[in-house]
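Examining the three-dimensional arrangement
What follows is the residue order along each chain.
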Amino acid sequence: MKKRKFKVKNILLVLFIVVFLFSTTKIVLFLFDSRNNKKETKELIKDVINIEIEEEKEVFKIDFDKLLSINNDTIGWVRFNQDKVNNPIVHTSDNSYYLKRSFEKKSNQAGAIFMDYRNTSFNDRNVVLFGHAMLDDTMFGSLQDLFKKDFFDTKENNYIQIYNKDNELLTYQIFSYYIIEKEEYYITTSFNSDSDFNKFIDTITRRSYKKFDVEVSTSDNILTLSTCSGTGGTSKRKVVHAKRVENLE
């Protein structure tokens, strides 16, 4: 009986050690990938972004030719939250490829920011962008800031900037943000009728944690940002919706 108990204890100990080593290895690899992704993005920003002076104003310019030579899936660039979000956007034939691949298509758990495969351009009625909520605030990790008090008191924090491949600036004003269980509805990209689209607008507006003084109609183009809310494997999503507006002066 004592021998049997001893064997059981040893088996449990071995199992504990295996689980511990496996978990530790995953954490180390995740942190390693996160660091590499952050480094890659910083080098990319330094290499492809130029600030030019036009009519006595600073103009943000992106070398899309260079980006496309690195990754021909490039479709744009996104800036938001004091440039905490400052990344290229990619687009491919599914929503899984870039979950664990960096912009340079290297294996990386931090992934890349990518457009929903069902979208065709930034002129779609609802353009959806996905990105991981990294703990170091990279990718869409800083979307947690929206849920902090006074975030929207800063004017610039109400707007998301997108640059398309023609270096045209598209500005979007936030009108809704919330946390919700994973679903397909808020990432609907096309609608059968204006009535369906209007119902969609009404639903996502009512979900918002804050009431914005922003009118949204069926003639608007919507941008949706989606990321996980919580630790790995969570079923909850942080969601941000914004409508395209005239560019700020």
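Rules used throughout
- Residues numbered from 1 in each chain as written.
- Predicted model: local features only at pLDDT ≥ 70, side-chain atom pairs only at ≥ 80, totals over all residues.
- Heavy atoms only, no water.
- Helix = DSSP H or I, 4+ residues; strand = E, 2+ residues; numbered from the N terminus.
- Buried < 20%, exposed > 50% of the residue type's maximum accessible area, 1.4 Å probe, protein only.
- Areas by Shrake-Rupley, 256 points an atom, 1.4 Å probe, with all protein chains shown as cover.
- Pairing = 2+ DSSP bridges.
- Axes fitted to C-alpha atoms, helices over the stretch in contact; angles between N-to-C directions.
- 1 Å grid on protein atoms, 1.4 Å probe; cavity = no way out; pocket = protein on both sides within 12 Å on 5 of 7 lines; lining within 4 Å.
- Points joined across faces, edges and corners; volume = space filled by probe spheres on them.
- Nonpolar A, V, L, I, M, F, W, Y, C, P; charged D, E, K, R; others polar.
- Contact = heavy atoms within 4.5 Å.

**Observations concerning the overall build of the protein chain**
Each helix and strand in the protein chain was counted, giving 3 helices and 10 strands. Helices and strands appear in the protein chain in the N-to-C order α-β-β-α-β-β-β-β-β-β-α-β-β. Among the 249 residues that make up the protein chain, the fraction classed as buried is 43%. For the protein chain, the exposed surface amounts to about 14,700 Å²; the carbon and sulfur share of it is 52%.

**Focus on the sheet that holds strand S10 (residues 236-245)**
Read around the closed barrel, 8 strands run S3-S4-S5-S6-S9-S10-S8-S7, paired in mixed fashion. Strand-to-strand twist of the sheet, defined as the mean angle between neighbouring strand axes without regard to direction, takes the value 30 degrees. Judged from the 2 bridges that link them, strand S5 (residues 113-115) and strand S6 (residues 126-130) form a sheet pairing that is antiparallel. Bridge assignment links Phe114 to a residue of S6, and that residue is Phe130.

**Some details on the layout of surface pockets**
Considered as a void within the structure, the second largest pocket measures approximately 810 Å³ in volume. Lining the second largest pocket are 22 residues, with Arg79, Gln161, Tyr163, Leu169 and Leu248 sitting closest to its centre. Sort the elements by how many residues they give to the lining of the second largest pocket and strand S2 (residues 57-62) lands first, with 5 residues. Counted by class, the lining of the second largest pocket contains 7 nonpolar, 6 polar and 9 charged residues.

**Focus on empty space enclosed by the protein**
One pass over the structure, following the stated rule, counts 1 cavity of 30 Å³ or more. What the largest cavity holds in volume is close to 80 Å³. Contributing to the lining of the largest cavity are Asn37, Glu40, Thr41, Leu44, Asn87, Pro88, Ser102, Phe103, Gly111, Ala112, Ile113 and Met139. Among the elements of the structure, helix H1 (2-48) and strand S4 (85-91) are those that each provide at least two residues to the lining of the largest cavity. For the lining of the largest cavity, the per-class residue count stands at 6 nonpolar, 5 polar and 1 charged.

**Quick word on the environment of Phe114**
For Phe114, the location among the structural elements is in strand S5. Counting along the chain gives 16 residues from Phe114 to Phe130, while the straight-line C-alpha distance between them is 5.4 Å. With residues up to four places along the chain from it excluded, the contact list for Phe114 reads Ile89, Val90, Asn95, Tyr98, Leu99, Val128, Leu129 and Phe130.

**So, the pairing of strand S3 (residues 74-80)**
Among the 7 residues that make up S3, 7 are buried, leaving the element largely enclosed by the rest of the structure. Bridge analysis of S3 against S4 gives 6 bridges, and the strand direction is antiparallel. Looking across to S4, one finds that Gly76 is bridged to Ile89. Linking S3 back to S4 in an antiparallel pair, the connection comprises 4 residues, with Asn81 at a positive phi of about 55 degrees. Pairing of S3 with strand S7 (residues 159-164) involves 4 bridges; the strand directions are antiparallel. Looking at the pairing, Val78 lines up with Ile162 of S7.

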